[in-house]
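Examination of the molecular architecture
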Amino acid sequence: MHIVTFPGLNLSFEVSKIAFTIFGISVYKYAVCIVLGIVLALVLSKIAKQKFDIEYNDVLVCTVLGIIFGTIGARLYYVMFNLSYYSQNVSEIFDFRNGGLAIYGGLIFGAIAILVYCKIRKINVLNLFDYVVPYVAIAQCIGRLGNFFNVEAYGAETTSILRMGIRTVEGYMEVHPVFFYELVATLIIFIILKLLQNHRKFEGQIFALYCLLYSGIRFFLEGIRADSLMLFNFRASQVLSLVIFVCSIVYIVIKTKKDSKAENK
């Protein structure tokens, strides 16, 4: 049990990692939040009905593939950047219950699995991504609550009104609740993409906008995180965010110009 406070808002919470226990096995709130996010995403995508000639059954299959390979990828990404620890604690590599999942690893591995499926099924992958990425954003939003219960994904010390008070091995600290910033950001991204989904100008536009918005936000948030995964002297997620951000802009500019030329013919 942890006590987490928000002094600037005069709020205090008793936080426990465990949601419930079944047959002697503890189920963590982190996992519950991830499952709730996935369920909400599936429900909302079902309500939206068929878009861009994508069948909902294909969405379900891709969701399963995304969960399986995304989880593997998220863990591998995290472990890869913490090899010094996990090489000495090999058994903990397979312990997912305490967190340790990197969202970029999950997105990359999940996307690769879906690309392969679309290739086999001859599905337009850009149409599929345009259909599902708003719901990926809302799933991320709900999943970020798991970081709160694990008391992780926080940032540097601050005096901001939104500061979060926690106790660590170093003592009491008041820090940026980075997980909360990303929770709000992904909710806003979801709303923006849903509003634009029925007005896309070219294939891949909604997906590219998701990549642009999320990578841009993640770049800045990663700069204040206290637990960033490092690539030499650089924050790994910042490097990857910058690459994705630039590629997204290039894709949008090229497709917009092509679309404009086609209209003028």
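Up top is the structure.
Here we summarise the structure given alongside this text. Not measured: the values here are computed from a predicted model.

**Observations regarding the overall build of the chain**
The number of helices and strands found in the chain is 9 helices and 8 strands. For the chain, the spread of C-alpha atoms along the three principal axes comes to 65 × 45 × 35 Å. In the chain, the proportion of contacts linking residues at least 24 apart, taken out of those at least 6 apart, comes to 67%. Carbon and sulfur atoms make up 67% of the accessible area of the chain, which totals about 14800 Å². For the chain, the centre of its 24 positive side-chain charges and the centre of its 17 negative side-chain charges are spaced 7 Å apart.

**Overview of the packing of helix H1 (residues 29-47) against helix H5 (residues 125-143)**
Closest axis-to-axis distance for the H1/H5 pair is 8 Å, and the angle between their directions is 150°. In terms of orientation, H1 and H5 fall into the roughly antiparallel class. As H1 packs across H5, the resulting crossing turns out to be right-handed. Packed against H1, whose contacting residues are Cys33, Ile34, Leu36, Gly37, Ile38, Leu40, Ala41, Leu44 and Ser45, the element H5 presents Tyr131, Tyr135, Ile138, Ala139, Ile142 and Gly143 at the interface. Taken together, the residues of the contact of H1 with H5 break down into 12 nonpolar, 3 polar and no charged.

**Here's the deal with helix H2 (residues 56-80)**
The end-to-end C-alpha distance of H2 is 34 Å, a good match for the 36 Å that 25 residues give at a rise of 1.5 Å each. Listed as buried for H2 are Tyr56, Asp58, Val59, Cys62, Thr63, Leu65, Gly70, Gly73, Ala74, Arg75, Tyr77 and Val79.

Cut-offs and rules
- Residues numbered from 1 in each chain as written.
- Predicted model: local features only at pLDDT ≥ 70, side-chain atom pairs only at ≥ 80, totals over all residues.
- Heavy atoms only, no water.
- Helix = DSSP H or I, 4+ residues; strand = E, 2+ residues; numbered from the N terminus.
- Contact = heavy atoms within 4.5 Å.
- Areas by Shrake-Rupley, 256 points an atom, 1.4 Å probe, with all protein chains shown as cover.
- Lys, Arg positive; Asp, Glu negative; His and termini not counted.
- Charge placed at Lys NZ, Arg CZ, Asp CG, Glu CD.
- Axes fitted to C-alpha atoms, helices over the stretch in contact; angles between N-to-C directions.
- Parallel < 35°, antiparallel > 145°, perpendicular 65-115°, else oblique.
- Left-handed = near helix turned anticlockwise from the far one by under 90°.
- Nonpolar A, V, L, I, M, F, W, Y, C, P; charged D, E, K, R; others polar.
- Expected span 1.5 Å × (residues − 1).
- Buried < 20%, exposed > 50% of the residue type's maximum accessible area, 1.4 Å probe, protein only.

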